[in-house]
Amino acid sequence: MSRSAQEAAALLRGLRILLEACGREHLAHGRHLWSNSSIRELIAENVAHTQQLVRNSSQNPTEELKKLQQSLQETGERGYVVAKGICSLLETKIKMSREESGISEPEQASSIRKSTPTAQNPASWDAANLDISSITLQEFEEILSRRNKDSSVSLRTPATKSSQTMPKQATPTTPGFITQDTEYVNNVLRFVAGAKVEEQQADAQPKQKSDQPAIEVPELSKVAKQRKVPSSRIGRMASFGGLFAGLGLGTLNELTKGALGLGGSTSMREALLSPANAERIVDTLCKVRGAALKIGQILSIQDSSVVSPQLAKAFERVRQAADYMPDWQVERVMNTQLGADWRQRLKSFEDKPFAAASIGQVHRATLSDGMDVAIKIQYPGVAQSIESDIDNLVGMLKVWDVFPQGFFIDNVVRVAKRELQWEVDYDREAEYTEKFREMISPYPEYYVPRVIRDLTTSSVLTTELVPGVPLDKCFDLSYEHRRHIAASVLKLCLRELFEIECMQTDPNWSNFLYDAPSRRLMLIDFGSTRFYRHDFIRNYRQVIMSAAQNNRQGVLEMSRQMGFLTGYETKQMEQAHVDAVMILGEIFRYDGDFDFGRQNTTERLAALVPTMVAHRLCPPPEEIYSIHRKLSGIFLLCARLNVRMNCVPFYKDIVLGKFKD
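Because the structure is predicted, anything quoted here is derived from the model rather than measured.

Q: Honestly, the overall build of the protein chain in this entry has me stumped. Any pointers?
A: On a plain count of helices and strands, the protein chain comes out with 24 helices and 13 strands. The proportion of buried residues among the 661 residues of the protein chain is 44%. Relative to all contacts within the protein chain whose residues are 6 or more apart in sequence, the contacts with residues 24 or more apart total 73%. In the structure as shown, the protein chain presents an accessible area of about 35900 Å², 53% of it carried by carbon and sulfur atoms.

Printed below as a string of structure tokens:
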């Protein structure tokens, strides 16, 4: 055989080896996608459902036909929602293309003036087509004033004194009852249309001087804006439908630009997480809020081995910015929860909130006796949409293969759903706030505000307004204050675990306020508070003690007993798990000032995450999700405070001394 023939044969053999390797790689990748795909779960569920349907049809065919009709109707509704979402996206694209085509601002302003109802164009005003949620009360009054030939129009009326329920002795024929009921209905309609109650009596009275200084409250993020919360199931589904359609078109756009060499991306993952798609995710989550926004905030603090840096960056923006309800929607929620006369029970109420989060927003108010309070108002529809919101968001992320195989996202979602059900129950939060206030009372360095039961329902929580600033605003304080904050927070966490066995598990730094004059921590927001089983705390304490004593075998045996490990893991996995526990136990082994500011604990733990994600055989105990979320938040806080602190006395006093078996 000639030399050229031998070279050709060798080239063909190399190509064959390359193709076989590519085939194996694609096969492994396809198996990984299939194992993480929600389609596989959907097919299995459909097969099981079909088998059950066949069995039920033979027993009760009429009832099954009714269920089939309902399913077809729901499918049509879902298809309509997705179509509406695509139409909304296309309308936005058309508007953006018009802006990019060179239309000047004066031309846009002129077109807006032509379409806006004014005195010069009164015929264009149509109450049926006016989007009240997009304008303020003052703007609405100006429109009506122009409509009525510049006469003054005011929609601000005093709150009705009638109750939402019929008096015990009242009947429809009682004199004055129909008048009161009519006044109440008209008042509610005005509130829904955007009307606000003018506090004329409060303004007419001279302001009373207080001997105590006014409590300063934080301000909303500059990027937060007033926007209606979609409260209906269809409205929330439409928001997610628009997001899914937008992500698909955005990804296709990025891949097309990459193929043509116009600056896009050739990788499906990078195209999905492009800046434009990240902006769509942020905008949708900030709009719908609720459970989906909460999941985004949780994912924002995950390691880059779990969530890609691009997605984590988008979720970080979600964590820092949440929109707030328009005034008319706040009014409607308060009317429903506290009655139409709720403003008369207050001396003052600030319409703009000073804080907005995933579940609700917080307003400052003053009671009739002069006490300053914080009123937390839950977004409408949030409590009823937890299941669907989380399933919609996580299902989208699973389809795009965002999570690694060993992350056990289904367990995380199950725990998150249960904790979110706790958080939206403000009656439960009020109860835990009072319990925690009682349990922590022996320690004067902490303070829990009082609950105002008369102004608290399942969706409205009113507590005493306490002074202080969030801990993320304390990084520039003196070293003495920073060290006191770090010690107080760490001791509180240990007391929660090993003394009272009840923990507020949300690591958000805004849940702690520091009052510098009194050197006290103000503890707020107990929605995610929970008790732990005593035997679990006893075993977890044994793990901490083994780590503090540098007993690796003790850590391994107790980890198997608690369910962290099955006993069938590889040596590599067992070593990585024990290493992680020993790293966390360093602060209790080092008898000296531990330098939180210069430690490399985070980097060493991050290096172990890929191994544990790849080789973990079982999810950890469900209690660990909340405990480690809180511990990681506190450790990061101590690092940001840049303090040096001896933690061994805390370990001896609380972990060893306060636990009662």
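Q: Explain the environment of Ser518 to me, please; I cannot follow it from the model alone.
A: Looking at the element boundaries, Ser518 is found in the loop between strand 9 (512-515) and strand 10 (520-523). Each C-alpha atom of the pair Ser518 and Gly468 lies 9.6 Å from the other, and the pair is 50 residues apart in sequence.

Q: Help me understand the packing of helix 18 (residues 534-548) against helix 19 (residues 552-562), please; the structure alone is not making it clear to me.
A: The relative placement of two packed helices is expressed as an angle between their axes plus a distance between the axes. Their axes nearest at 8 Å, the elements helix 18 and helix 19 cross at an angle of 160°. One way to sum up the angle between helix 18 and helix 19 is to call them roughly antiparallel. In terms of crossing hand, the pair formed by helix 18 and helix 19 is left-handed. Of helix 19, the residues touching helix 18 (which contributes Phe536, Asn539, Tyr540, Gln542, Val543, Ser546 and Ala547) are Gly554, Val555, Met558, Gln561 and Met562. Classifying every residue of the contact of helix 18 with helix 19 by side-chain character gives seven nonpolar, five polar and no charged.

Q: Teacher, can you tell me more about the side chain of Ser559 here?
A: Its place among the elements puts Ser559 in helix 19. For Ser559, the side chain forms a polar contact with the main-chain oxygen of Val555, separated by 2.6 Å.

Q: Any chance you could explain the pairing of strand 6 (residues 460-464) here in plain terms?
A: The side chains of a regular strand alternate between both faces of the sheet. Burial within strand 6 is extensive, with five of its five residues counted as buried. Relative to strand 6, strand 4 (residues 372-378) runs antiparallel, the two sharing five bridges. Note on strand 6: the bridge partner recorded for Ile377 is Val460.

Q: Got a minute to help me understand the pattern of salt bridges in this structure?
A: In a structure, side chains of opposite charge can pair up when their charged atoms sit close to one another. Counted by the stated rule, this structure contains 20 salt bridges. Across the salt bridge formed by Lys376 and Asp525, the nearest N and O atoms sit 3.7 Å from each other. Of this pair, Lys376 sits in strand 4 while Asp525 is found in the loop between strand 10 and strand 11 (529-531), placing the two residues 149 residues apart along the sequence. Overall, Lys376 belongs to the buried group, its relative accessible area being 16%. Residue Glu434 is joined to Arg453 by a salt bridge in which the shortest nitrogen-to-oxygen separation is 3.0 Å.

Q: Would you take a moment to explain the environment of Ile634 for this structure?
A: Position of Ile634 relative to the elements: it lies in helix 23 (residues 622-641). The exposure class of Ile634 is buried, given its relative accessible area of 6%. Linking Ile634 and Trp509, residues 125 residues apart in sequence, is a C-alpha distance of 8.7 Å. Ignoring sequence-local partners within four residues, the contact set of Ile634 consists of Val489, Leu490 and Cys493.

Q: Honestly, the sheet that holds strand 9 in this entry has me stumped. Any pointers?
A: Within a sheet, each strand pairs with its neighbour through backbone hydrogen bonds, oriented either parallel or antiparallel. Within the open sheet, the four strands sit side by side as 5-10-9-7. Their pairing is mixed. Lying at the two open borders of the sheet, with one neighbouring strand each, are strand 5 (446-447) and strand 7 (469-470).

Q: What is the right way to look at helix 13 (residues 327-338) in this model?
A: Because each turn of an α-helix spans 3.6 residues, side chains separated by three or four positions in sequence point in the same direction. Its 12 residues place the ends of helix 13 16 Å apart at the C-alpha level, agreeing with the 16 Å of an ideal helix rising 1.5 Å per residue. When helix 13 is considered as a whole, its buried residues turn out to be Trp328, Gln329, Val330, Glu331, Val333, Met334, Asn335 and Leu338. Within two residues after helix 13, Gly339 carries a phi angle of roughly 95°, on the positive side.

Q: Teacher, can you tell me more about a nonpolar patch on the surface here?
A: A grouping of Leu11, Leu12, Leu15 and Leu18 is seen on the molecular surface, where their side chains present a nonpolar patch of about 410 Å² in accessible area. Tracing the chain through its elements places Leu18 in helix 1 (residues 3-36).

Q: Help me understand the nonpolar core in this model?
A: Across soluble globular proteins, nonpolar side chains have a tendency to be buried as a group. By size, the foremost hydrophobic cluster in this structure holds 71 residues, and its most contacted members are Leu471, Leu523, Tyr540 and Phe596. Residues from two domains meet in this core; each of domain 2 (326-378 + 425-466) and domain 3 (467-660) gives at least three. In this structure, Leu471 is in contact with Ile485, Val489, Trp509, Phe512, Tyr514, Leu521 and Leu637, ignoring residues within four places of it in sequence. The next biggest cluster of nonpolar side chains, apart from the first, holds 29 residues, and it includes Val330, Ile390, Val424 and Leu455.

Q: Looking at this structure, how should I read the packing of aromatic side chains?
A: How two aromatic rings sit relative to each other is set out by the distance from centre to centre and by the angle between their planes. All chains considered together, the criterion is met by nine aromatic pairs. Each ring, one from Phe596 and one from Phe635, has its centre 5.4 Å from the other, and the planes form 65°; the classification is edge-to-face. Taken together, the positions of Phe596 in the loop between strand 12 (594-595) and helix 22 (601-615) and Phe635 in helix 23 put the pair 39 residues apart, joining distant regions of the chain. This pair shows no difference in class: Phe596 is buried, exactly as Phe635 is. Feature note: the residues Tyr532, Phe536 and Tyr540 constitute an aromatic cluster, connected by ring pairs. Positioned above the aromatic ring of Tyr426, the side-chain terminus of Lys376 is 5.0 Å from the ring centre. Lying over the aromatic face of Tyr432, Lys435 brings its terminal NZ or CZ to 5.2 Å of the ring centre.

Q: Any chance you could explain helix 17 (residues 479-498) here in plain terms?
A: Between its terminal C-alpha atoms helix 17 stretches 28 Å, which fits the 28 Å expected from 20 residues at 1.5 Å a residue. Across the 20 residues of helix 17, 15 count as buried, placing the element largely inside the fold.

Q: What is the right way to read unusual backbone geometry from this model?
A: In terms of backbone geometry, most residues other than glycine have negative phi values and most peptide bonds are trans. Of note in this structure, Asn550 is not a glycine but carries a positive phi near 60°. When you line up the elements, Asn550 lands in the loop between helix 18 and helix 19.

So, how was this worked out
- Residues numbered from 1 in each chain as written.
- Predicted model: local features only at pLDDT ≥ 70, side-chain atom pairs only at ≥ 80, totals over all residues.
- Heavy atoms only, no water.
- Helix = DSSP H or I, 4+ residues; strand = E, 2+ residues; numbered from the N terminus.
- Buried < 20%, exposed > 50% of the residue type's maximum accessible area, 1.4 Å probe, protein only.
- Contact = heavy atoms within 4.5 Å.
- Areas by Shrake-Rupley, 256 points an atom, 1.4 Å probe, with all protein chains shown as cover.
- Axes fitted to C-alpha atoms, helices over the stretch in contact; angles between N-to-C directions.
- Parallel < 35°, antiparallel > 145°, perpendicular 65-115°, else oblique.
- Left-handed = near helix turned anticlockwise from the far one by under 90°.
- Nonpolar A, V, L, I, M, F, W, Y, C, P; charged D, E, K, R; others polar.
- Polar contact = N/O pair within 3.5 Å; in protein donor to acceptor, adjacent residues only side chain to side chain.
- Pairing = 2+ DSSP bridges.
- Salt bridge = Lys/Arg side-chain N within 4 Å of Asp/Glu carboxyl O.
- Expected span 1.5 Å × (residues − 1).
- Patch = residues over 30% accessible without salt bridge, like charges linked within 9 Å, V, L, I, M, F, W, Y side chains within 5 Å.
- Core = buried A, V, L, I, M, F, W, Y, C linked by side-chain atoms within 4.5 Å.
- Domains from an automatic or database assignment.
- Phe/Tyr/Trp six-rings, centres within 6.5 Å; stacked < 30°, edge-to-face > 60°.
- Lys NZ or Arg CZ within 6 Å of the ring centre and 35° of its normal.

Shape is all these values report; function is a separate question.
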